[in-house]
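# Structural characterization, general
What follows is each chain in one-letter form.
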Amino acid sequence: MGKTFKDHFSQLADAYRAFRPEYPEEMFRWLARVAPRQDSALDCGCGTGQATVALARYFRVVYGVDPSAEQIVRAVGHERVRYLVAPAEATGLPEGSQDLVIAAQALHWFDLERFYGEVRRVARPGAVFAAITYGLFTLTPELDRVLFRLYRDILGSYWPPERRHVDAGYRTLPFPFAEIEPPEFAMTAEWHFDHLIGYLSTWSAVKEYTVRTGNDAILSVAEELRDAWGDPGETKRVAWPLSIRAGRID
Amino acid sequence: MSLSNELLAILVCPACKGRVEPADEGRGLVCRACRLRYPVRDGIPVMLVDEAERIGD
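Read on for an overview of the structure. (Residues numbered from 1 in each chain as written. Chains lettered and ligands numbered in written order. Predicted model: local features only at pLDDT ≥ 70, side-chain atom pairs only at ≥ 80, totals over all residues. Heavy atoms only, no water.)

## Some words on helix 6 (residues 141–154) of chain A
Residues and elements named next belong to chain A. The end-to-end C-alpha separation of helix 6 is 19 Å, in line with the 20 Å expected for 14 residues at 1.5 Å each. Along helix 6, the residues classified as buried are L143, V146, L147, L150 and Y151. Angularly, the buried residues of helix 6 cover 130 degrees about the axis, an arc narrow enough to put them on a single face. Helix 6 presents P141 and R145 as exposed residues on the side facing more than 90 degrees away from its buried surface. (Helix = DSSP H or I, 4+ residues; strand = E, 2+ residues; numbered from the N terminus. Expected span 1.5 Å × (residues − 1). Buried < 20%, exposed > 50% of the residue type's maximum accessible area, 1.4 Å probe, protein only. Arc of directions from axis to C-beta.)

In structure tokens form, the structure reads like this:
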């Protein structure tokens, strides 16, 4: 097996758990409803298991697979969730076993040809596949201006090339299943100023910037962000553009 | 059957997709066809061909 997975994340597992946004509950309810049965679901590239555990509210058993043992060790436990260290392209799960397969903020990392083959293999007849992604969040127009400069102008060349698929809501990726149009779901959180800084620290481009330049990219805009925020104890509503591509597997 | 046992009982070899068998009191999973033993660390199967141990005859 020549290909090793791209592990941008291992050391960030704890920060991920603390600062990553939560997917809307309605999204999981919808996924469970479009699945042919609610027996077994699979979360590919599950990281620390945020979406995996959410699916366990609707399915008898949920499997979470991720090639990073570091992330799996830190994953959230649940009585109906089972974790495996495995790549999405070769999960170790039996054929015809899953009613729903999801990839949450992960599809852009996969070897798609092999991955879609694996999805077809593990899917039961009529099972549903869904790829979920969220791009740059918005806060207030003043903060958004500074954040967009950080995201694009300062960090632009430090994002992995796969990031463009996230920015495009995965419309740029091949999708071989009969698409199901999802409803619109809002993904929001209430943040203090510290949450904003903590979240930015989970960006892979921030880490890459430090590795390549020795500097902290967040620091270069921190003062502007603080000024634009106002009272740091005041909470603000943050919203992410959530994109879902879902389809039924024949 | 508990879900942990169910998990070990259903898994397949990521290389050949054939069934693997629990071994070493649940601390490993063996694919007889590929002669590979996948470790189970703290109850978590590590289904990576690179981390599997080759087993003899």
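Now, onward.
## Considering the packing of helix 6 of chain A against helix 10 (residues 219–229) of chain A
Residues and elements named next belong to chain A. It is the contact of helix 6 with helix 10, at a shortest axis distance of 8 Å, that shows an interaxial angle of 165 degrees. The angle between the axes of helix 6 and helix 10 places the two elements in the roughly antiparallel class. By crossing handedness, the relation of helix 6 to helix 10 is classed as left-handed. For the pair formed by helix 6 and helix 10, the contact residues are E142, L143, V146, L147, R149, L150 and I154 on the first element and S220, V221, E224, L225, A228 and W229 on the second. When its residues are assigned to classes, the contact of helix 6 with helix 10 shows 9 nonpolar, 1 polar and 3 charged. (Axes fitted to C-alpha atoms, helices over the stretch in contact; angles between N-to-C directions. Parallel < 35°, antiparallel > 145°, perpendicular 65-115°, else oblique. Left-handed = near helix turned anticlockwise from the far one by under 90°. Contact = heavy atoms within 4.5 Å. Nonpolar A, V, L, I, M, F, W, Y, C, P; charged D, E, K, R; others polar.)

## Topic: the packing of helix 8 (residues 193–200) of chain A against helix 10 of chain A
Each pair of packed helices gets described by two things: the angle between the helix axes and the distance between those axes. All names here are of chain A. Between helix 8 and helix 10, whose axes approach to 11 Å, the crossing angle comes to 145 degrees. You can see that helix 8 and helix 10 cross each other, and the crossing is right-handed. Contacts from F193, L196, I197 and L200 of helix 8 reach helix 10 at A222, L225, R226 and W229. Broken down by class, the residue content of the contact of helix 8 with helix 10 amounts to 7 nonpolar, no polar and 1 charged.

## Side note on the packing of aromatic side chains
All names here are of chain A. One pass over the structure, following the stated rule, counts 26 aromatic pairs over all chains. Ring geometry for Y199 and W203: centres 6.5 Å apart, planes at 75 degrees, overall edge-to-face. A network of ring pairs unites the aromatic residues Y23, F28, Y134, F137, Y151, W159, W191, Y199, W203 and W240 as a single cluster. The residue whose ring lies beneath R163 is W159, and the NZ or CZ to ring-centre distance is 4.4 Å. (Phe/Tyr/Trp six-rings, centres within 6.5 Å; stacked < 30°, edge-to-face > 60°. Lys NZ or Arg CZ within 6 Å of the ring centre and 35° of its normal.)

Fair warning: the whole summary comes from geometry, so function is off the table for now.
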